[in-house]
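Results of the structural survey
If you want the building blocks of each chain, they are given just below.
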Amino acid sequence: MCKECGCDHGGDVRIDGCPVEPREHGHSHEEGHTHAEDVHMPILDENARVAERNRGYFEAKNVWVLNVLSSPGSGKTTLLAETARRLKAQGAEVGMIVGDLATDNDAVRLREAGIPVVQITTGTMCHLDASMVARAARQMDLDSLDILIIENVGNLVCPADFDLGEHARAVLLSTTEGEDKPLKYPPMFHMADIVVITKTDLAGPAGFDRTAALANLNRIAHHADILEVSARTGDGMDTWCDVLRHLRTRGYAGDGHHHH
Ligand SMILES: Nc1nc2c(ncn2[C@@H]2O[C@H](COP(=O)(O)OP(=O)(O)OP(=O)(O)O)[C@@H](O)[C@H]2O)c(=O)[nH]1
Ligand SMILES: [Mg+2]
């Protein structure tokens, strides 16, 4: 159960449609059965442990991992499908894991970019956790990837607490959702390594106050790089892809996950 909102940790998690056994859930794949002390281990401690193992596994496979977070509908899938097309054209091998409560709609959209995608459906859970990602990653050929991008469940609250084993976090803020979101949801924005202002083509019609948004982000997301992108028009896409390739090239030694 998510400590923030009480969302159910019941057994309805599926990976590409296949049920994940409830008893297995939350435990690593190498350790199939439950130890008595694990039952009382705080969820986030257990998650942190699995996340560290994911990170080690990704690094052993030489895959750089990005966790993408934002509110529902702020443009994650649209941005990531376009990102996949561009990175692929530049010679980077990209795979994605996408989380939603239900449907494989986003996986279908992302696969249209010609990349491997694994869909996690969480049933009732409002965030991805490290063990779900460990299971989904087992479905991918990590040896063939340079970059793995994880689209988290659309939610500005709970996913902030769950390290997935990523190397960096990108948090999206769309021009249509209000420039005060960073002030209202500080933990999510505070933990961002990159903030992407999305749907810049809609800034005018939405009455987006860019100056206020940047001021709010500078207050809350101190150390984040701030980018402005329209996946619709392509504005800002080259810079965003350059940042990702730069981070990937820089490798794993940097301070890529100072959110812990
Ligand atoms: N005009 C415009 N619309 C956009 C842009 N990016 C996304 N949209 C639209 O915004 C809506 C939501 O986009 P998605 O990419 O599905 O958003 P999401 O964050 O993946 O949504 P969830 O996965 O449900 O949280 C869709 O109707 C998109 O077409 C953009 O840059 N400009
Ligand atoms: Mg989506």
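Structure: see above.
Throughout what follows, the structure given in this document is the object of discussion. (Residues numbered from 1 in each chain as written. Chains lettered and ligands numbered in written order. Predicted model: local features only at pLDDT ≥ 70, side-chain atom pairs only at ≥ 80, totals over all residues. Heavy atoms only, no water.)

Looking now at the site of ligand 1. Around ligand 1 sit 18 residues, and of these Lys76, Thr77, Thr78, Arg109 and Asp201 come closest. At a separation of 3.0 Å, an oxygen atom of ligand 1 approaches a polar side-chain atom of aspartate 106. In the model, an oxygen atom of ligand 1 is placed 3.1 Å from a nitrogen or oxygen of the arginine 232 side chain. Protein coverage of the free-state accessible area of ligand 1, which is 650 Å², stands at 76%. Listed by contribution, the elements that provide at least two residues to the shell around ligand 1 are helix H3 (76-89) and helix H4 (105-111). Here the shell around ligand 1 takes three residues from H3, the largest share from any one element. Residue composition of the shell around ligand 1, by class: three nonpolar, seven polar and eight charged. (Near = heavy atom within 4 Å. Polar contact = N/O pair within 3.5 Å; in protein donor to acceptor, adjacent residues only side chain to side chain. Areas by Shrake-Rupley, 256 points an atom, 1.4 Å probe, with all protein chains shown as cover. Helix = DSSP H or I, 4+ residues; strand = E, 2+ residues; numbered from the N terminus. Nonpolar A, V, L, I, M, F, W, Y, C, P; charged D, E, K, R; others polar.)

On to the side chain of aspartate 163, then. By the element assignment, aspartate 163 lies in the loop between strand E6 (147-151) and strand E7 (168-174). Among the residues examined, aspartate 163 registers a relative accessible area of 8% and is labelled buried. Of note is the side chain of aspartate 163, whose polar atom sits 2.7 Å from the side chain of arginine 55. (Buried < 20%, exposed > 50% of the residue type's maximum accessible area, 1.4 Å probe, protein only.)

Looking now at the sheet that holds E6. Overall, mixed pairing links the nine strands, which are arranged E2-E1-E5-E4-E6-E3-E7-E8-E9 in an open sheet. Edge positions in the sheet fall to strand E2 (18-19) and strand E9 (225-228), since each has one partner strand and no second. Sheet topology places strand E1 (residues 14-15) next to E2; two bridges connect them, and they run antiparallel. When the bridges of E2 are listed, isoleucine 15 appears paired with cysteine 18. Of the strands in this sheet, strand E3 (64-69), strand E4 (94-100), E6, E7 and strand E8 (194-198) are in contact with H3, which crosses E6 at around 170°. (Pairing = 2+ DSSP bridges. Contact = heavy atoms within 4.5 Å. Axes fitted to C-alpha atoms, helices over the stretch in contact; angles between N-to-C directions.)

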